[in-house]
Amino acid sequence: MDAPAIVYEFSAVPAPAAMREILPGVRWLRMPLPFELDHINLWLLADGPGWALVDTGLFSDASIAVWRDWLGGPLAAEPLTRVLVTHMHPDHVGMAGWLCRELSVRLWMPRVEYLMCRVLAADQAPAPTTAVDFYRAAGLPEPALAKYAERFGMFGRLVSPPPESYRRLIDGERIEIGEHAWEIVVGRGHSPEHACLYCADLKVVISGDQILPTISSNVSLWPTEPDADPLADWLESCAALKRRLPADALVLPAHGKPFRGAQLRLDDLIAEHQRGLDRLIELCAQPRSAIEVFPALFKSPVDGARLMMAAGESLAHLAYLEKRGVLSAETGADGVRRYQAR
């Protein structure tokens, strides 16, 4: 018998930059992205005279053009009342500062996400030596390290300057948006304090990147906090979300299509990482660097565009096993850290 599967609520998606109503008082705007992952879903919630926006799109000329069309057209008579951001990644927070200033509305965001956004937006080249050494220890070749140093500070070019003040979103609080209360449900691992929004009245959860229907969110170790344990945070968050969200909730993800079956999808995400950890232990029968364990975690070859994120994800899995005594690690004379099963 086949295992139960998630169920998609809609067969079709909005055209790029188009909006549709999916429930009374809930609209879906599919914002284009210039990446392999070519869209982000933004959600508008009826909020008195206008709409509260959840997530904003990447800061770019293309996004500005889309927003000018909507703000000067269909949303002119029903303006945005506030901007809520699930987490600080550029496709989610990128246009927040621009929108808040353009419309004189407030940003609502978890504290750590807001502060990290401001810190990263202020980064400028050259890359810190500690960051370059972090990726050298992962086994990245010199050309890749040079590329990383060259692109350091890219975050700030993809994010409009964040507002100087914000309203904090806190795990477990209930905020009123229009006629409904939405509970803030925080997850960690993909980002430090990722906010999901759950409405019990509607049985709807806006999941951001915390629950995606077809892909697993990147869970990486970063040079800003090299001793962190993001995979443990991610697995604990998945288990907590299973306890806090009903099985029949409609999940509105940041990427892909709305679906039902949050519990099943969370089980899949946990199992996928566990399988990766098992393959990692087997591969580390001999000493391996972070980039040498890619085959245990990724189905397809990792190309240049995805190298840094793949390295971060490998390091997160290796750190998880090292912290639990399953792997040991030593740094060689070449500066590369290699891991081996105990």
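Residues numbered from 1 in each chain as written. Predicted model: local features only at pLDDT ≥ 70, side-chain atom pairs only at ≥ 80, totals over all residues. Heavy atoms only, no water.

**Some words on the packing of helix α8 (residues 230-244) against helix α9 (residues 262-283)**
Their axes nearest at 9 Å, the elements α8 and α9 cross at an angle of 155°. With respect to α9, the axis of α8 lies roughly antiparallel. Read as a crossing pair, α8 and α9 show a hand that is left-handed. In contact with Leu-231, Trp-234, Leu-235, Cys-238, Ala-239, Leu-241 and Lys-242 of α8, α9 contributes Gln-263, Leu-266, Asp-267, Leu-269, Ile-270, His-273 and Leu-277. Of the residues assigned to the contact of α8 with α9, the class counts are 10 nonpolar, 2 polar and 2 charged. (Axes fitted to C-alpha atoms, helices over the stretch in contact; angles between N-to-C directions. Helix = DSSP H or I, 4+ residues; strand = E, 2+ residues; numbered from the N terminus. Parallel < 35°, antiparallel > 145°, perpendicular 65-115°, else oblique. Left-handed = near helix turned anticlockwise from the far one by under 90°. Contact = heavy atoms within 4.5 Å. Nonpolar A, V, L, I, M, F, W, Y, C, P; charged D, E, K, R; others polar.)

**Overview of the side chain of His-92**
Residue position: His-92 is located in helix α2 (residues 90-93). Here the side chain of His-92 touches Asp-55 through a polar contact of 2.8 Å, side chain to side chain. In contact with His-92, other than residues within four places in its own chain, are Ile-40, Asp-55, Thr-56, Gly-57, Val-85, Thr-86, His-87, Asp-209, Ala-254 and His-255. (Polar contact = N/O pair within 3.5 Å; in protein donor to acceptor, adjacent residues only side chain to side chain.)

**Details of the sheet that holds strand β7 (residues 107-110)**
Taking strand neighbours across the sheet as the criterion, the 7 strands line up as β2-β3-β4-β5-β6-β7-β8 in an open arrangement whose pairing is mixed. Looking at strand neighbours, the two that pair on one side only are β2 (19-23) and β8 (167-169), the edges of this open sheet. Neighbour-to-neighbour, the strand axes of this sheet turn through a mean angle of 30°, independent of strand direction. Note: β7 against β8, 3 bridges, orientation parallel. Counterpart to Pro-110 in the pairing with β8 is Leu-169. The sheet strands contacting helix α3 (residues 96-103) are β5 (50-54), β6 (80-84) and β7, and the helix crosses β6 at an angle near 155°. Against the sheet, helix α4 (residues 111-121) engages β7 and β8, with an angle of about 105° to β7. (Pairing = 2+ DSSP bridges.)

**Some thoughts on the pairing of strand β9 (residues 174-177)**
Covered by surrounding structure in β9 are Ile-175 and Ile-177 only, the residues Arg-174 and Glu-176 on the alternate face being uncovered. By the bridge criterion, 4 bridges tie β9 to strand β10 (residues 180-187) in an arrangement that is antiparallel. When the bridges of β10 are listed, Ile-177 appears paired with His-180. The turn linking β9 back onto β10 is made up of 2 residues, and Gly-178 within it adopts a positive phi angle of 60°. (Buried < 20%, exposed > 50% of the residue type's maximum accessible area, 1.4 Å probe, protein only.)

**Describing α8**
Helix length check: α8, at 15 residues, gives a terminal C-alpha distance of 21 Å against a target of 21 Å (1.5 Å per residue), a fit within 8%. On its buried side, α8 packs onto β10, α9 and α11 (307-323). (Expected span 1.5 Å × (residues − 1).)

**Points about the nonpolar core**
With 52 residues, the main nonpolar core has Leu-140 and Leu-318 as its most contacted residues. Considering each element in turn, this core owes the most residues, 9 residues, to α11. Residues contacting Leu-318, with those up to four places away along its chain left out, are Leu-280, Cys-284, Ala-290, Val-293, Leu-327 and Tyr-339. Residues Ile-40, Trp-70, Leu-75 and Met-88 belong to the second largest nonpolar core, which totals 36 residues. (Core = buried A, V, L, I, M, F, W, Y, C linked by side-chain atoms within 4.5 Å.)

By themselves, these are just geometric observations and shouldn't be taken as functional.
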